[in-house]
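# Understanding the architecture of this molecule
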Amino acid sequence: MHPLKPTKTHNAITFTTLSSPLLHLLQPSRRSPNVHLHFTIKCKIKTTSQDTKNARNDKKTKPMSRKIVQFEAAPSPASSNDPPAKNAGLPIWVSVKRAPKRVLSVLSNLGLAIGEMFTIATLMGLGTIIEQGEAPDFYFNKFPEDNPVWGFLSWKLVLGLGFDHMFTSPVFLGMLVLLAASLMACTYTTQIPLVKVAKRWSFMHSAESIRKQEFTDSLPRASIRDLGVMLMGAGYEVFLKGPSLYAFRGLAGRFAPIGVHLAMLLIMAGGTLSAAGSFRGSVTVPQGLNFVVGDVMNPTGFLSFPPKDFNTEVHVNRFYMDYYDSGEVSQFHTDVSLFNLDGKEVFRKTISVNDPLRYGGITIYQTDWSISALQVTKDDEGPFNLAMAPLKLNGDKKLYGTFLPVGDGDSPNVKGISMLARDLQSIVLYDQEGKFVGVRRPSSRLPIDVDGMKIIIEDAIGSSGLDLKTDPGVPVVYAGFGFLMLTTCISYLSHTQIWAIQDGTTVVLGGKTNRAKVEFPEEMNRLLDSVPELVEMELTNTH
């Protein structure tokens, strides 16, 4: 390496080197061994006024010296105590900033969403098979640990995972939350960007780009404006920019997947609110008695908040049945009245199966019936109210029975008259020996002689089986399903895009669609056939 000679020129320093080997390599001839290379380095040093003054004083007393250091070899690597390079690794804040994108990418994975829906469907199936809300002893007997159902389902698993209240269990609600997160992530990362792209007016300015589309064609001797008129007549939104045309139709179909996701979120939110924010209760009330709503209803989850009408009193005015010609029960009805705290009747309705009463967010269903008592007179004494007890039978038939003691009630061997009833329309009587005596209708007031006693069945008092519930999630679920049906129908609309350009007297066009791939070319061919053709007219002069 040849030495460099510095030469000061005002604020610059000029270096000269002789016989540069680098330039010898660049030159095709080596006849000139000495080549002078001149280059200038200019720099400005920002100093304070005090520094400038000190420099001037030093200049007067001491001459300025400059030294250029040249390395014959590369500098030694940095020691271990030196700080790491900037590009050695990503800073922590960059990793934290990228974490949400990674999470969104994982949540929006289609395979994960399908797995979540399959898991939820499996849990719902288990919830229909496993009896819900029973006492622990029931699960001890039904799902023994030494002989699990299906080889794995024991009471420890059922009670440990909350499968005895499946639809409010942490496992089920957690899967709903995870599926909701996947739907929102997919909407944010995929569907919304697709809509943004679809809304852009993207003109194409070359025929080559247009011919790369799914459908392409050309119209010789045609005008791009005539094509735009025909597209507008077919329901397209048309935009012209010089010789270029862009048209689209069915943009609502791009919004439909977002609507489907929102509808599913509504359904899941409503289902969660119904499972964890409701009140449930059931009661059997004899005719003529009443109860308070809040006394029979219990919360179902951590989101349950009692409504303001929990202090409403329900009074059973009358219970009666309808019968088929065969004598079987066809329908049963309950006439109920609702009273506020002041004792004023605020609502009254006769309910039946599939025709409930709704008031202030509370729904009362007719679900069951029974016979609570018989009113009888004996030898013109009474009436006596005899409580009816349900008797066990094989099958789903109901049977109720009661007993009218005769003689000394303190005797260890009490005898009496037995009475059985399957419904409210007929009572079967047996004497003290258990022999059949006859059948009487409660409304007939026709006496019957039993062991020398005159018995009259005055009335059979029925009991109404009622189910009560509050379900704030029902409107949300209904709205979700309605929105789901609407957006599903909209999603079948094809989003079609068409580009065209005027190339001389020829119109080159192309297009694509996300649905109706087979019908789209046929529709376009019919539309292009209707575009008028330009005809060149020759004018001749006649003399």
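Since this is a predicted model, take the numbers as computed values, not measurements. (Residues numbered from 1 in each chain as written. Predicted model: local features only at pLDDT ≥ 70, side-chain atom pairs only at ≥ 80, totals over all residues. Heavy atoms only, no water.)

### Remarks on helix α12 (residues 474-490)
Working note: α-helix, 3.6 residues per turn, so residues spaced by three or four point in the same direction. With 17 residues, α12 should reach 24 Å at 1.5 Å per residue; the first-to-last C-alpha distance of 24 Å fits that figure. Val 477, Gly 480 and Thr 487 are the residues of α12 that are buried. For α12, the arc enclosing every buried residue in end-on projection is 100°, short of the 170-degree limit, so these residues lie on one face. Facing away from the buried side of α12 by over 90 degrees, the exposed positions are Pro 475, Tyr 478, Met 485 and Cys 489. Of the surrounding elements, those touching the buried residues of α12 are α10 (252-276). (Helix = DSSP H or I, 4+ residues; strand = E, 2+ residues; numbered from the N terminus. Expected span 1.5 Å × (residues − 1). Buried < 20%, exposed > 50% of the residue type's maximum accessible area, 1.4 Å probe, protein only. Arc of directions from axis to C-beta. Contact = heavy atoms within 4.5 Å.)

### What to know about the packing of aromatic side chains
Geometry of an aromatic ring pair is reported as the spacing of the ring centres plus the angle between the planes. In this structure the tally under the stated criterion is 16 aromatic pairs. Consider the rings of Phe 140 and Trp 155, whose centres lie 4.8 Å apart with planes at 75°: the pair is edge-to-face. Of this pair, Phe 140 sits in helix α5 (residues 136-142) while Trp 155 sits in helix α6 (residues 155-160); the two residues are 15 residues apart in sequence, bridging distant segments of the chain. Residue Trp 155 is classed as partly exposed on the basis of its relative accessible area of 25%. When the centroid spacing of 4.9 Å and the interplanar angle of 75° are considered together, the rings of Phe 279 and Phe 310 count as edge-to-face. Placement of Phe 279 in strand β7 (residues 279-286) and of Phe 310 in the loop between β9 (298-299) and β10 (313-323) is noted, with a sequence separation of 31 residues between them. (Phe/Tyr/Trp six-rings, centres within 6.5 Å; stacked < 30°, edge-to-face > 60°.)

### Things to note about a nonpolar patch on the surface
On the surface, Leu 262, Leu 266, Phe 483 and Leu 486 cluster together to form a nonpolar patch covering roughly 330 Å² of accessible area. Those elements that provide at least two residues to the nonpolar patch are α10 and α12. With respect to the element layout, Phe 483 can be found in helix α12. Judged by relative accessible area, Phe 483 falls into the partly exposed class, the value being 32%. (Patch = residues over 30% accessible without salt bridge, like charges linked within 9 Å, V, L, I, M, F, W, Y side chains within 5 Å. Areas by Shrake-Rupley, 256 points an atom, 1.4 Å probe, with all protein chains shown as cover. Salt bridge = Lys/Arg side-chain N within 4 Å of Asp/Glu carboxyl O.)

### Topic: the pattern of salt bridges
The final tally for this structure, using the stated rule, is 13 salt bridges. Across the salt bridge formed by Lys 397 and Glu 328, the nearest N and O atoms sit 3.4 Å from each other. Separated by 69 residues along the polypeptide, Lys 397 in the loop between β16 (389-390) and β17 (400-406) and Glu 328 in the loop between β10 and β11 (329-339) bring together distant segments of the chain. With a relative accessible area of 45%, Lys 397 lands in the partly exposed category. With relative accessibility at 42%, the residue Glu 328 sits in the partly exposed group. Ionic pairing is found between Glu 458 and Arg 445, a salt bridge with its closest N-O pair at 2.1 Å. One end of the pair, Glu 458, is in strand β22 (residues 453-470); the other, Arg 445, is in the loop between β20 (436-440) and β21 (448-450), with 13 residues separating them in the sequence.

### Here we look at the environment of Pro 220
One can find Pro 220 in the loop between β4 (215-219) and α9 (224-233). Since its relative accessible area comes to 48%, Pro 220 is described here as partly exposed. Taking the C-alpha atoms as reference points, Pro 220 and Glu 533, separated by 313 residues in sequence, lie 7.9 Å from one another. Excluding residues within four positions of it along the chain, Pro 220 makes contact with Thr 505, Thr 506 and Glu 533.

### Quick word on the sheet that holds β10
Strand order across the open sheet formed by four strands is β8-β10-β11-β12, with antiparallel pairing between neighbours. Edge positions in the open sheet fall to β8 (290-292) and β12 (345-352), since each of these has one partner strand only. Adjacent strand axes in the sheet meet at a mean angle of 25°, parallel and antiparallel pairs treated alike. Of the strand pairs in this sheet, β11 and β12 are connected by seven bridges, and their pairing is antiparallel. Note on β12: the bridge partner recorded for Ser 337 is Arg 348. (Pairing = 2+ DSSP bridges. Axes fitted to C-alpha atoms, helices over the stretch in contact; angles between N-to-C directions.)

### Quick look at the environment of Gly 288
Inspection of the secondary structure puts Gly 288 in the loop between β7 and β8. On the accessibility criterion, Gly 288 (39% relative accessible area) is partly exposed. As a C-alpha pair, Gly 288 and Asn 317 span 29 residues in sequence and 5.4 Å in three-dimensional space.

### What about the UniProt feature "transmembrane region" (unreviewed entry) in the protein?
The sites that UniProt annotates as "transmembrane region" (unreviewed entry) are residues 106-130, 171-195 and 258-279. The annotated region residues 106-130 carries 88% helix and 0% strand content, and the separation between its end C-alpha atoms amounts to 33 Å. Secondary structure over residues 171-195 splits into 100% helix and 0% strand, and the C-alpha atoms at its two ends are 35 Å apart. (UniProt positions renumbered as here; feature names shortened; annotations may be inferred.)

### Brief notes about the sheet that holds strand β5 (residues 237-241)
The strand order across the open sheet built from five strands is β4-β24-β23-β6-β5, with neighbouring strands paired in antiparallel fashion. Pairing within the sheet leaves two strands with one partner each, and these edge strands are β4 and β5. If you compare each strand with its neighbour and ignore which way they point, the axes differ by 15° on average. Relative to β4, helix α13 (residues 519-529) is tilted by about 10°, and along the sheet it contacts β4, β6 (244-249), β23 (496-503) and β24 (506-513).

### Some words on the confidence of the model for the protein
For the protein, per-residue confidence averages 81 on the pLDDT scale, and residues scoring 70 or more make up 78% of the total. Mean pLDDT in the protein bottoms out at helix α1 (residues 21-26), which sits at 35, and peaks at β12, which reaches 96. This model gives residues 84-88 a pLDDT under 50, and the stretch forms zero contacts once residues within four places in sequence are excluded. Here residues 537-543 is a poorly scored stretch, pLDDT under 50, and it has zero contacts once near neighbours within four places are set aside; other chains count. (pLDDT = per-residue confidence, 0-100.)

### What about the pairing of β22?
Within β22, 14 of the 18 residues are buried, which leaves it mostly tucked inside the rest of the structure. Relative to β22, β7 runs antiparallel, the two sharing eight bridges. Across the sheet, Thr 284 pairs through a bridge with Gly 465, a residue of β22. Pairing between strand β14 (residues 362-378) and β22: 15 bridges, direction antiparallel. Residue pairing for β22: Ala 373 is matched across the bridge by Ile 461. Across three bridges, the pairing between β21 and β22 is antiparallel. Within β22, the residue paired with Ile 448 across the bridge is Ile 455. Hairpin remark: β21 followed by β22, antiparallel, with two residues in the connecting loop; positive phi at Asp 451, about 55°.

### So, the nonpolar core
Grouped together as the largest cluster of nonpolar side chains are 24 residues, with contacts concentrated most on Ile 417, Met 419, Leu 429 and Ile 455. Mapped onto this core, the elements with two or more residues apiece are β10, β14, β17, β18 (415-421), β19 (427-430), β21 and β22. Beyond its immediate sequence surroundings of up to four residues, Ile 455 is in contact with Thr 377, Lys 378, Leu 404, Ile 417, Met 419, Leu 429, Leu 446, Pro 447, Ile 448 and Val 450. Counting 19 residues, the second-largest nonpolar core is a separate cluster that includes Tyr 139, Met 166, Ala 180 and Leu 183. (Core = buried A, V, L, I, M, F, W, Y, C linked by side-chain atoms within 4.5 Å.)

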